[in-house]
Amino acid sequence: MAKVEVPEGLWLRCQGCSKMIFRKVLEERLLVCPECNFHYRVDARTRVGQLTDPGTFEEFNSDLVSTNPLNWSDSTPYSKRIVMAQEKTGLTEAVLTGRAYIKGRAVILSVMDPFFVMGSMGSVVGEKVTAAIERATDEDLPAVIVTCSGGARMQEGLISLMQMAKTSAALSRHDDAKGLYITVMTDPTTAGVAASFAFLGDVIIAEPKAMIGFAGPRVIWNTVKAELPEGFQTAEFMQEHGYIDRIVDRADLRNEIARIIDYCGK
């Protein structure tokens, strides 16, 4: 079931178990249902606040803004879609990058926003993620990326696909420099993002029930006529088949990331 924005109101019906939840309780639990552990999608700034030590996040490259390199227009011109997403989210693009501390450990953090054109990766997202990885390499700090994306941004065509190679090359250089890279996969992590930097982490963790994969079941059936087992794109399925290392509840992510950094000597 798709995880969407938390609706307005003092009470809401959980998308996971259909029980009524007091909004304040949900917010205190970091937007996780107290009854069924359903993890709602979280915008990038909220995620930064949940993960980092208070007042330590120093954003960089916030001035980078997408253009319309292909002059794309369908029902809504691409340029207008970007403006609409900016007004909706208060972000300039679908990823926040900056330097921060997580339980006292310095990191370079990138957080994708599912509400900015579905967290899709265009040229600016690719540039911001690449620049963040390169800064982590230069400063000998762990790179932590919270992925949440529908994949490469179709309105930028081949330019968006080029970001897969660009981000992966930056991670290769980070690895050559003995840098640590931690991926936190959230719902959804799919397509071009999954096929590039998301699955390249030294340690890959995911939130419960997150949708993770490349193509959906209908696309797979129409392409290769293969029927996939039920739940094949869940975090649990991916862990069972060795694609991710562990599943971590949202409330435990800070502690888990700090432990991994300590264990790896970073």
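Structural data are supplied above this passage.
What this report covers is the structure whose coordinates are included nearby. Keep in mind the model is a prediction, meaning the values are calculated, not measured. Starting afresh in each chain, residues are numbered from 1 along the sequence in its written order. Owing to the predicted nature of the model, reporting of local features is limited to residues with pLDDT of at least 70; listing and counting of side-chain atom pairs is limited to 80 or more, with chain, interface and lining totals taken over all residues. Hydrogen atoms and water are omitted, and side-chain values are computed over all heavy atoms in the structure.

This part is about the overall build of the protein. On a plain count of helices and strands, the protein comes out with nine helices and 10 strands. As a reference, a globule follows 2.2 Å times the number of residues to the power 0.38, and the radius of gyration itself is taken over C-alpha atoms. In terms of C-alpha radius of gyration, the protein reaches 18 Å, essentially the compact-globule figure of 18 Å for 266 residues. When the backbone C-alpha atoms are referred to their principal axes, the protein occupies close to 45 × 45 × 40 Å. The contact criterion used throughout is that any non-hydrogen atoms of two residues lie within 4.5 Å. The long-range share in the protein, meaning contacts at least 24 apart out of those at least 6 apart in sequence, stands at 68%. Labels follow the DSSP assignment, with helices taken as runs of H or I lasting at least four residues and strands as runs of E lasting at least two, numbered in each case from the N terminus.

The subject of this paragraph is empty space enclosed by the protein. Points on a 1 Å grid over protein atoms alone make up a cavity when a 1.4 Å probe fits among them but cannot get out, and a pocket when they form an open set with protein on both sides within 12 Å along at least five of seven lines; lining residues each have an atom within 4 Å of a point. Grid points are joined across faces, edges and corners, and a volume is the space filled by probe spheres set on the points. The tally for this structure, following the rule as stated, stands at one cavity of 30 Å³ or more. For the largest cavity, the calculated volume is near 50 Å³. Lining of the largest cavity is provided by 14 residues; of these, V42, R47, C148, T186 and D187 occupy positions nearest its centre. Mapped onto the lining of the largest cavity, the elements with two or more residues apiece are β6 (143–149) and β7 (181–190). Residue classes follow a fixed rule: Ala, Val, Leu, Ile, Met, Phe, Trp, Tyr, Cys and Pro count as nonpolar, while Asp, Glu, Lys and Arg count as charged, and any other residue, Gly among them, counts as polar. For the lining of the largest cavity, a count of residues per class yields six nonpolar, two polar and six charged.

On to the nonpolar core, then. With 56 residues, the main nonpolar core has F197, I205 and I257 as its most contacted residues. Broken down by element, the residue count for this core peaks at six residues, all from strand β5 (residues 105–112). In this view, I205 contacts T183, V184, M185, R246, V248, L253, E256, I257 and I260; residues no more than four positions away in its chain are not counted. C14, L26, L31 and F38 belong to the second largest nonpolar core, which has nine residues in total. Residues grouped as a nonpolar core are buried Ala, Val, Leu, Ile, Met, Phe, Trp, Tyr and Cys residues, joined through side-chain atoms within 4.5 Å. The rule is simple: take the accessible area with a 1.4 Å probe, protein chains only, and divide by the maximum for that residue type; under 20% is buried, over 50% is exposed, in between is partly exposed.

Basic side-chain nitrogens of Lys or Arg form a salt bridge, by our definition, when they fall within 4 Å of a carboxyl oxygen of Asp or Glu. Summed over the entire model, instances satisfying the criterion amount to 15 salt bridges. Here K19 makes a salt bridge to E35, at a shortest N to O gap of 3.6 Å. In this pair, K19 is assigned in the loop between β1 (11–13) and β2 (20–22) and E35 in the loop between α1 (23–28) and α2 (44–51), connecting sequence segments 16 residues apart. For K19, a relative accessible area of 44% translates into the label partly exposed. Using a relative accessible area of 52% as the deciding quantity, one classes E35 as exposed. We note a salt bridge from E134 to R173, for which the minimum N-O separation is 3.1 Å.

Further remarks concern the packing of α2 against helix α9 (residues 253–263). To define axes, lines are fitted to C-alpha atoms, for helices over the stretch in contact only, and angles between the resulting N-to-C directions are given on a 0 to 180 degree scale. Between α2 and α9, the least distance of the axes is 9 Å, while the angle of their chain directions is 65 degrees. Contact with α2, carried on its side by R47, Q50 and L51, involves L253, R254 and I257 of α9 and no other residues of that element. Considered class by class, the residues forming the contact of α2 with α9 number three nonpolar, one polar and two charged.

Tracing the backbone shows T183 in strand β7. The contacts of T183, once residues within four sequence positions are left out, are I145, T147, F197, A198, G201, V203, I204 and I205.

Note on aromatic contacts: the rings of Phe and Tyr and the six-membered ring of Trp form a pair at centre separations within 6.5 Å, being stacked when their planes are under 30 degrees apart, edge-to-face when over 60 apart, and tilted otherwise. A complete count under the given rule lists three aromatic pairs for this structure. Aromatic side chains W11 and F22 sit 5.2 Å apart centroid to centroid with 40 degrees between the ring planes, which places their arrangement in the tilted category. Residue W11 is found in strand β1, and its partner F22 is found in strand β2; the two are separated by 11 residues along the sequence. According to the relative accessible area criterion, F22 is partly exposed, its value standing at 32%. Summarising the aromatic geometry, the rings of F199 and Y243 are spaced 6.2 Å apart at their centres and angled 65 degrees between planes, so their arrangement reads as edge-to-face. On the criterion of sequence distance, the pair formed by F199 in the loop between α6 (191–194) and β8 (203–206) and Y243 in the loop between α8 (235–240) and β10 (246–247) is long-range, its members being 44 residues apart. With a relative accessible area of 26%, F199 lands in the partly exposed category. Either the NZ atom of lysine or the CZ atom of arginine qualifies as a charge over a ring when it sits within 6 Å of the ring centre and within 35 degrees of the ring normal. The ring of F60 has R135 sitting right over it, with the charged end atom 3.9 Å from the ring centre.

Within the element layout of this structure, S196 appears in the loop between α6 and β8. Beyond its immediate stretch of four places on either side in the chain, S196 contacts M121, M164, T167 and S168.

It is worth spelling out the pairing of β8 at this point. Alternating residues of β8 divide into V203 and I205 and I204 and A206, and every residue in both groups is buried. DSSP calls a pair of strands paired once it identifies at least 2 bridges connecting them. Two strands pair when backbone bridges link them, and β7 and β8 are joined in this way by four bridges, in the parallel orientation. Each bridged residue has a counterpart across the sheet, and for T183 the counterpart in β8 is I204. Of the strand pairs in this sheet, β8 and β10 are connected by two bridges, and their pairing is parallel. In the strand pairing of β10, A206 is matched with I247.

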